[in-house]
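Here are the chains, one letter per residue:
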Amino acid sequence: MNTAFSRSEQMRIDPAIRASQKPRDPDAVDLRGLLGLFVKRWKLIFGSALIAAIATYLAVSQMTAVYSAQAKVLLDPSGAQILTGDEVLQTREPSQQIINGELAILRSNILIQDVIAQLGFDRVLQISPGIAELPGDQQMDALVWAVRENLAVYAENESYVIALAFQSTDPALARDFTNTLADRYLNRQTETRRETIRQAGSWIEERLKALGADVAAREEQVAQMRTDSLIANGGTLENASQQIARLNNQLVVARAERATAEAQVRQLEQALTDGTPADAAAVVTSPVLEELQAQALDLRQQEASWAETVEVTHPRRAAILRELDQVDQQMSLEVSRILQKLRGEYEVARLSEQSLGDTIMQMEERVVAISRGEISLRQMERDAASARQTYEALLARLTDTRTQEQMQTSEAKLIESATLPTSPTAPRPKLMAAMAGSVVFALAAVAVFLTEMTATTFRTAAEVRDQTGLPVLASLPAGRWSSVNDCLNELRDTPYTPFSEAVRKLRTMLMMRDEFAISTCAVVLSSRSGEGRTTVALALAEMAVRAGRSTIVVDCDLREMGIGAQPGWAVDYDLADVLTGECPLEYAISQPVNRPFDALVNARPHPDVAEELSAMALKPIIEQLKALYDVVILEGPALLAASESIIVAKAADSCIYVVEHDRTERSSVQDGLGLLHEMQVPIEGVVLNKVPAGA
């Protein structure tokens, strides 16, 4: 289905036909065809899956039954808070790392050995009796590994629940081992927490003795240094800091005012440098400037009005221009006055900023002096306060520790204990059979799909039509005939079978080619031998006679006996004799027994005559036959095996190309049709032969 001729090769076959058809994507997948293929192969697919499922079920049913018991524990950090203070041993909030750690503990050899000791070594040994043959110092380690192989510990998804599952051939052992492992895990958690708190209490008592004396000494040093600092500095650091904060706020305002004044001065100076006083007047504003700008605007409007009717020398226009110059001079003087004013404001703002900066520097020097005197005091106060807090915290913690030591419980709790399993958990014959059947079903479906997608032959008429660009004249069903004579007998005795109807369709399409032609000659060709040329040629002749047309079949395969090899078709003279001039055409024509058509066959192979065959020799014979018969059917040799096949094709009016279903390679059809096109042989269409029922 995927193998396709290249675009150039398809165009070589018949440009006229290809031009009239819409090109088809060579990588397109015919979903309907694939579905039909699966429907046809359903017995293979379901049969393979059923056999695999039955075989798997029988094999798994022979395995020893294994029982599994399961218990569940919950990592529960939310315990009852009896004391108001902090816990001595902090409860861990469960996370993935914490859960992974608990899983490792449950599979640790220490915990497993503890469980083995409690249940009894000999009882647990039944999960792997071969361990008893090992040396005594290796038996415990080997049994621990055997237990691990039969123990499953995992966290359930999206929860703090840990599941424990142990499997054994003894259901009671599976239950007891699982419950004992869960109990020992919870008990060891409790014991570990109590021991940790007991060690913490002992350490706190030792620290309290040393901290008591240290706190008293530090507090006495702080009191003495505070008195000395007040006497030496005469003030506090807080007051000085507040003054600096106020001055900094005033400095920010002064800097903003200085920057604003400076920007105004520079903008006005730049306007005076780059433009006229009128341009500078647009930067600043004042009542005088606004009045002068209004006068200038009015004068310019008057000047523009006079300019439309008079020259510059006109008295009235000259007077307006003089007034306009006077207004510009006044604007220049006003802008200069404003600039001087802005420069004065800028200087005042700059001096104010400088004064505030000097004052702040003096205050900062005072703060530095005060800070140097208080650094040591604050350090000692912090040390004394820290020592006091540590002492008080440890004193409170010691009380809590003694109380919490007896109230500790494990971080986990048992939420489901293991029960005695009543049915084995493994093996599971039905599940394994279903899985095996599903896998084989999928593999069979994939195999069928790949077989179809990688096909290099033709399986449907649509494929032939799409790949060659030629019409499919007929799809001939495959028959169960032992010989060609059986096929012809079926056409005669049962003329309305699917095969008969397909041949009748082929006959009709051939005769409808030119309804006004007195006679016609068609050659039946194929790429290779054994594709059914003889059957197609003889069946077509049988149907042509039934349509009232006189018909003759000519065996043009001089290298192999095709039609002449049929039983009861022996002749004295054959086509080779006519070609070599040994007998006239009428002597070589014969009528097979019980057949309504005539035949011109070969009595034996003539490879020497085939080598010398030419169109000049064959064409007159064909013309004589067309004068005697309405329909002349030529069976040509295999197109890719015999060179004289082109000579036979050129001698006919049209060509019928036979392609065997799911056997003829697409490349062979490509080569054969390309050769016919190069020799300008008209191709009537393609016959898809030996099509299985239901294809």
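For the structure itself, consult the block above.
All figures in this text were calculated on a predicted structure; none of them were measured in a lab.

Chemist: I'm lost on the overall build of the chain in this one. Help?
Modeler: The secondary structure content of the chain amounts to 24 helices and 11 strands. At a minimum sequence separation of 6, the contacts of the chain that also span at least 24 residues come to 81%. For the chain, the accessible area works out to roughly 37,500 Å², and carbon and sulfur atoms hold 54% of it.

Chemist: Looking at this structure, I do not really get the nonpolar core. What am I missing?
Modeler: The nonpolar side chains of soluble globular proteins are, as a tendency, buried together. Grouped together as the largest cluster of nonpolar side chains are 47 residues, with contacts concentrated most on Leu625, Leu634 and Leu676. Residues contacting leucine 676, with those up to four places away along its chain left out, are Leu525, Leu639, Ile646, Ala649, Cys655, Tyr657, Val681 and Ile683. Membership of the second largest hydrophobic core comes to 36 residues, among which are Ala522, Val536, Met543 and Val658.

Chemist: Hey, could you run me through the environment of glutamine 330 in this one?
Modeler: Looking at where glutamine 330 falls in the secondary structure, it is placed in helix H13 (residues 315-404). A residue is classified by how much of its surface remains accessible, and glutamine 330, at 40% relative accessible area, is partly exposed. Expressed as a C-alpha distance, the spacing of glutamine 330 and leucine 289, which sit 41 residues apart in the sequence, is 8.8 Å.

Chemist: Whenever I open this one, the sheet that holds strand S2 (residues 151-155) confuses me. Can you help?
Modeler: The strands making up a sheet associate through backbone hydrogen bonding, with each pair oriented either parallel or antiparallel. What the four strands build is an open sheet, ordered S2-S3-S1-S4; its pairing is antiparallel. The sheet is open, and its two borders are formed by S2 and strand S4 (412-416), each paired with just one other strand. On average, each strand axis in the sheet is tilted by 25° relative to the strand beside it, whichever way the strands run. Running over the sheet, helix H5 (residues 96-106) touches strand S1 (67-75), S2 and strand S3 (161-168) and is turned about 165° from S2.

Chemist: What exactly am I supposed to notice about the pattern of salt bridges here?
Modeler: Two side chains carrying opposite charge are able to pair once their charged atoms lie near each other. Applying the stated rule across the entire model yields 25 salt bridges. A salt bridge links arginine 188 to aspartate 114, with the shortest nitrogen-to-oxygen separation between them at 3.8 Å. Of this pair, arginine 188 sits in helix H9 (residues 171-233) while aspartate 114 is found in helix H6 (residues 109-119), placing the two residues 74 residues apart along the sequence. Linked through salt bridges whose partners overlap, the residues forming this network are Lys72, Glu156 and Glu416.

Chemist: Help me understand the packing of aromatic side chains, please; the structure alone is not making it clear to me.
Modeler: A ring pair, where both rings are aromatic, is described by two values, the distance of the centres and the angle of the planes. Tallied over the full model, the rule gives five aromatic pairs. Centre to centre, the rings of tyrosine 573 and tyrosine 587 are 6.5 Å apart; their planes meet at 40°, and the pair counts as tilted. Here the residue tyrosine 573 occupies a position in the loop between strand S7 (551-555) and helix H19 (575-580), and tyrosine 587 occupies one in helix H20 (residues 585-588), the gap between them amounting to 14 residues. Residue classification places tyrosine 573 among the partly exposed residues on the basis of a relative accessible area of 37%. Members of the aromatic cluster, joined through ring pairs, are Trp42, Phe46 and Phe441.

Chemist: Explanation requested: helix H8 (residues 136-150) in the structure shown.
Modeler: Count 3.6 residues to each turn of an α-helix, and residues three or four apart come out pointing the same way. With 15 residues, H8 should cover 21 Å at 1.5 Å per step; its first-to-last C-alpha distance of 22 Å lies within 8% of that length. When we look at burial in H8, the residues that qualify are Gln139, Leu143, Val144, Ala146, Val147, Arg148 and Asn150.

Chemist: Hey, could you run me through unusual backbone geometry in this one?
Modeler: Working note: non-glycine residues mostly have negative phi, and peptide bonds are mostly trans. For asparagine 594, which is not a glycine, the phi torsion comes out positive at approximately 60°. One can find asparagine 594 in the loop between H20 and strand S8 (598-600). A positive phi angle, near 55°, is found at aspartate 662, a position not held by glycine. Position of aspartate 662 relative to the elements: it lies in the loop between strand S10 (654-660) and helix H24 (666-678). Assessed through its relative accessible area of 35%, aspartate 662 is described here as partly exposed.

Chemist: Where do I start with the environment of alanine 217 in this structure?
Modeler: Its place among the elements puts alanine 217 in helix H9. In this structure alanine 217 comes out as partly exposed when scored by relative accessible area, which is 38%. C-alpha separation for the pair alanine 217 and alanine 384, spaced 167 residues apart in sequence, amounts to 8.5 Å.

Chemist: Quick question: what am I supposed to make of the side chain of glutamate 542 here?
Modeler: Mapped onto the elements of the fold, glutamate 542 is located in helix H18 (residues 533-546). Contact partners of glutamate 542, with chain neighbours within four places excluded, come to Leu488, Leu491, Arg492, Arg595, Pro596 and Phe597.

Chemist: Would you mind showing me how to read a nonpolar patch on the surface here?
Modeler: Together, Leu35, Val39, Trp42, Phe46 and Phe441 make up an exposed nonpolar region whose accessible area comes to about 510 Å². Counting only elements with at least two residues in the nonpolar patch, the list comes to helix H3 (31-40) and helix H4 (42-61). Structurally, the position occupied by tryptophan 42 is in helix H4.

Chemist: Looking at this structure, I do not really get the packing of H6 against H8. What am I missing?
Modeler: Two quantities define a packed helix pair, namely the angle between the axes and the distance from one axis to the other. It is at 10 Å that the axes of H6 and H8 come closest, and there the two elements cross at 100°. Between H6 and H8, the interaxial angle falls into the category roughly perpendicular. In this structure, H6 contributes Asn109, Ile112, Gln113 and Ile116 to the contact, and H8 contributes Met140, Asp141, Leu143, Val144, Val147 and Arg148. Considering only residue class, the contact of H6 with H8 consists of six nonpolar, two polar and two charged.

Chemist: Which parts of the structure should I look at to understand the sheet that holds strand S6 (residues 520-526)?
Modeler: Pairing within the open sheet is parallel, and its seven strands lie in the order S5-S11-S10-S6-S9-S7-S8. In this open sheet, the two edge strands, each paired with only one partner strand, are strand S5 (472-477) and S8. Strand-to-strand twist in this sheet, taken as the mean axis angle between neighbours without regard to direction, amounts to 20°. Helix-sheet contacts for helix H15 (residues 461-468) involve S5 and strand S11 (683-691), and the interaxial angle to S5 is about 150°.

Chemist: Hey, could you run me through the pairing of strand S9 (residues 631-635) in this one?
Modeler: In regular strands, side chains alternate between the two faces of the sheet. Taken across its five residues, S9 has five buried, putting it largely inside the fold. Alternating residues of S9 divide into Val631, Ile633 and Glu635 and Val632 and Leu634, and every residue in both groups is buried. Judged from the five bridges that link them, S6 and S9 form a sheet pairing that is parallel. Looking at S9, one finds that threonine 520 is bridged to valine 631. Here S7 runs beside S9; their pairing, made up of five bridges, is parallel. Bridge pairing links threonine 551 to valine 631 in S9.

Chemist: It is not clear to me how the state of the cysteines should be interpreted in this structure. Could you clarify?
Modeler: The bond known as a disulfide is covalent and runs between the sulfur atoms of two cysteines. Using the criterion set out here, one finds zero disulfides in the structure. The thiol of cysteine 521 is unpaired, and the distance to the nearest cysteine sulfur, on cysteine 556, comes to 7.8 Å. Assessed through its relative accessible area of 0%, cysteine 521 is described here as buried.

Chemist: Just to check I follow, could you spell out the environment of glycine 344 for this structure?
Modeler: Residue position: glycine 344 is located in helix H13. Remark: the alpha-carbon pair of glycine 344 and alanine 261, spanning 83 residues in sequence, is separated by 9.1 Å.

Chemist: Explanation requested: the packing of helix H16 (residues 484-493) against H18 in the structure shown.
Modeler: Running from N to C, H16 and H18 point in directions that differ by 25°, and their axes come no closer than 10 Å. Between H16 and H18, the angle is such that the two are roughly parallel. Considering the relative orientation of H16 and H18, their crossing is right-handed. On the side of H16, the interface is formed by Val484, Cys487, Leu488, Leu491 and Arg492, while H18 contributes Thr534, Thr535, Leu538, Ala539, Glu542, Met543 and Arg546. Residues of the contact of H16 with H18, tallied by class, amount to seven nonpolar, two polar and three charged.

What counts, and where the lines are drawn
Residues numbered from 1 in each chain as written. Predicted model: local features only at pLDDT ≥ 70, side-chain atom pairs only at ≥ 80, totals over all residues. Heavy atoms only, no water. Helix = DSSP H or I, 4+ residues; strand = E, 2+ residues; numbered from the N terminus. Contact = heavy atoms within 4.5 Å. Areas by Shrake-Rupley, 256 points an atom, 1.4 Å probe, with all protein chains shown as cover. Core = buried A, V, L, I, M, F, W, Y, C linked by side-chain atoms within 4.5 Å. Buried < 20%, exposed > 50% of the residue type's maximum accessible area, 1.4 Å probe, protein only. Pairing = 2+ DSSP bridges. Axes fitted to C-alpha atoms, helices over the stretch in contact; angles between N-to-C directions. Salt bridge = Lys/Arg side-chain N within 4 Å of Asp/Glu carboxyl O. Phe/Tyr/Trp six-rings, centres within 6.5 Å; stacked < 30°, edge-to-face > 60°. Expected span 1.5 Å × (residues − 1). Patch = residues over 30% accessible without salt bridge, like charges linked within 9 Å, V, L, I, M, F, W, Y side chains within 5 Å. Parallel < 35°, antiparallel > 145°, perpendicular 65-115°, else oblique. Nonpolar A, V, L, I, M, F, W, Y, C, P; charged D, E, K, R; others polar. Disulfide = S-S within 2.5 Å. Left-handed = near helix turned anticlockwise from the far one by under 90°.

Functional significance is not addressed by these values, which are geometric in nature.
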